[in-house]
Amino acid sequence: MELNLLDLTKEFSDIKAVDHISINLRPGIIGLLGENGAGKTTLIRMMTSLMKPSTGKILFNDQDIYKLNEEYRNVLGYLPQDFGYYPDLNPLDYLGYIASIKAIQPSVAKRRIKDLLQAVSLWEVRKKKIKKFSGGMIQRLGIAQALLNDPKILILDEPTSGLDPEERYRFRQLLSSLASDKIILLSTHIVSDVEHIADQIILMHKGKILDSGSVDELIQNIPVRAWKIKTDLTKASSFKLNGLITSSNKTGDNEVIRILCKDAPDSEAVPDECTLEDVFLFYNRKKSEPYVIL
Ligand SMILES: Nc1ncnc2c1ncn2[C@@H]1O[C@H](COP(=O)(O)OP(=O)(O)OP(=O)(O)O)[C@@H](O)[C@H]1O
């Protein structure tokens, strides 16, 4: 099973929200990582066939998704950024309603709704009105509705926004537990949402893919390493000219700086482990930032 994005572009008057993107997606968890406005939602809306690309194609198993039409939508599960739920319904009635829209047979739907509510830990509150739910509970219900038709492709747009760290953790556990035979695409601007669960990360910036691959591959592909240096406060600011400072901790007259640059910025500098956060910071550094690769 594969989803092939071929030279996709989406223009809104003078904005190229998605700019000549080509990528091949296979089963596993794929993290679509980019800052706000990178073009993630636009890309996702094209992948769900809700929006037509200005140019390019999307092929599901070699067939154009717009030609497959309903056949494609039957294998797709989608959780938009703001999914429409009915606050006065309870999860049982809400999912029953969605199942009828998706034309799932009532006997199949009944069993599936029970399984899903148990999987997302909402079975105990199946008769409670959704308006009494926390943000995390609502997002879990959103996942359940996206999974109702047992989709082969599951697309989740910023599913962790509004969740607290504990809820985000549980959400990641849930995603990891989903069958590995699905293509699961999760868009986010939060590195920790995808760092430990994604098989593949797609780094998006200003409508383009900057890099894609495993976390280790992305780390290897940046031309900088991380270094830690203990320095005195007067010297500390000079390091800002040498690389991208990712953290600094003051202790008395000293400061411990963590910096991204190509080579050791000082004889005292010791190498530190690079992370996906470093990759994200490197690609999203501001043009105005004094940045010199040593
Ligand atoms: N319907 C539209 N009309 C005009 N411009 C749009 C439209 N939709 C998106 N854009 C622009 O396209 C760019 C990409 O937006 P998009 O929503 O795809 O990014 P994103 O990465 O999903 O960000 P966010 O997480 O903030 O939604 C932005 O500059 C946005 O303003």
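Residues numbered from 1 in each chain as written. Predicted model: local features only at pLDDT ≥ 70, side-chain atom pairs only at ≥ 80, totals over all residues.

## Quick look at the pairing of strand β9 (residues 200-205)
With five of six residues buried, β9 is to be regarded as a mostly interior element. Taken together, the four bridges between strand β3 (residues 28-33) and β9 define a ladder with parallel strand orientation. Bridge pairing in β9 links I30 to Q200. For β9 and strand β10 (residues 208-213), the ladder comprises five bridges, and the chain directions are antiparallel. In the sheet register, L203 faces β10, and the bridge partner there is D211. In this antiparallel pair of consecutive strands, β9 and β10, the connection spans two residues, and K206 shows a positive phi of 50 degrees. (Buried ≥ 20, exposed ≤ 12 C-beta atoms within 10 Å, placed from the backbone. Helix = DSSP H or I, 4+ residues; strand = E, 2+ residues; numbered from the N terminus. Pairing = 2+ DSSP bridges.)

## Considerations on the site of the ligand
Neighbouring the ligand are F12, I15, A17, G34, N36, G37, A38, G39, K40, T41, T42 and E158. The set of elements that each furnish at least two residues to the shell around the ligand consists of β2 (15-25) and α1 (40-47). Considering every element that reaches the shell around the ligand, the biggest residue donor is α1, with three residues. Looking at the shell around the ligand residue by residue, the classes come out as four nonpolar, six polar and two charged. (Near = placed C-beta within 6 Å. Nonpolar A, V, L, I, M, F, W, Y, C, P; charged D, E, K, R; others polar.)

## Thoughts on the sheet that holds strand β5 (residues 63-64)
With antiparallel pairing, four strands are arranged side by side in an open sheet as β2-β1-β4-β5. Two strands close off the open sheet at either side, each with one partner strand: β2 and β5. With two bridges connecting them, strand β4 (residues 55-60) and β5 associate as antiparallel partners. Looking at the pairing, F60 lines up with Q63 of β5.

## Quick look at the sheet that holds strand β11 (residues 225-232)
Either a parallel or an antiparallel arrangement is found when strands of a sheet pair, and the pairing is made through backbone hydrogen bonds. Taken in spatial order, the four strands line up as β12-β13-β11-β14 in an open sheet, and their pairing is antiparallel. Taken across any chain shown, the strands that pair with only one partner, and hence form the sheet edges, are β12 (244-251) and β14 (270-272). Between one strand axis and the next, the sheet turns through 25 degrees on average, direction left out of account. Where β11 meets strand β13 (residues 254-261), eight bridges bridge the pair, whose relative direction is antiparallel. Residue pairing in the sheet places A226 in a bridge with L260 of β13. Docked against the sheet, helix α11 (residues 276-283) engages β11, β12 and β13, running at close to 120 degrees with respect to β12. (Axes fitted to C-alpha atoms, helices over the stretch in contact; angles between N-to-C directions. Contact = placed C-beta atoms within 7 Å.)

## Concerning the nonpolar core
If you look at the biggest cluster of nonpolar residues, it comprises 74 residues, and the most contacted ones within it are I30, A144 and I201. Here the element with the most residues in this core is helix α6 (residues 135-147); it accounts for five residues. Looking at this core, you find at least three residues from each of domain 1 (3-220) and domain 2 (222-283). If sequence neighbours within four positions are ignored, I30 has contacts with L25, I183, I184, L185, A198, D199, Q200 and I202. (Core = buried A, V, L, I, M, F, W, Y, C linked by C-beta atoms within 7 Å. Domains from an automatic or database assignment.)

## Description of the environment of N149
Among the structural elements, N149 can be located in the loop between α6 and β7 (153-157). Note: C-alpha distance between N149 and H196 (47 residues apart in sequence) is 27 Å. When residues no more than four places from it in sequence are discounted, the contact partners of N149 are N74, G77, K102 and I104.

## What to know about the environment of V18
With respect to the helices, strands and loops of the structure, V18 is situated in strand β2. The exposure class of V18 is buried, given the 30 C-beta atoms found within 10 Å. Distance from V18 to K262, taken between C-alpha atoms, is 31 Å for residues 244 residues apart in sequence. Here V18 is in contact with L8, T9, K10, G39, T42, L43 and G207, once residues within four sequence places are set aside.

## Here's the deal with the domain arrangement of the protein
Annotation of the protein at the domain level lists domain 1 (3-220) and domain 2 (222-283). On a C-alpha basis, the centres of domain 1 and domain 2 stand 36 Å from each other. At the junction of the two partners, domain 1 supplies 10 residues and domain 2 supplies seven residues. Contributing elements (two or more residues each) for the side of domain 1 that touches domain 2: β9 and α9 (215-221).

## A few points about unusual backbone geometry
Although it is not a glycine, S121 sits at a positive phi angle of roughly 55 degrees. If you trace the backbone, S121 turns up in the loop between α5 (106-119) and α6. Residue S121 is classed as partly exposed on the basis of its 13 C-beta neighbours within 10 Å. With a phi angle near 50 degrees, K206 is a residue other than glycine that sits in the positive phi range. One can find K206 in the loop between β9 and β10. The class for K206 is partly exposed, based on 14 C-beta atoms found within 10 Å.

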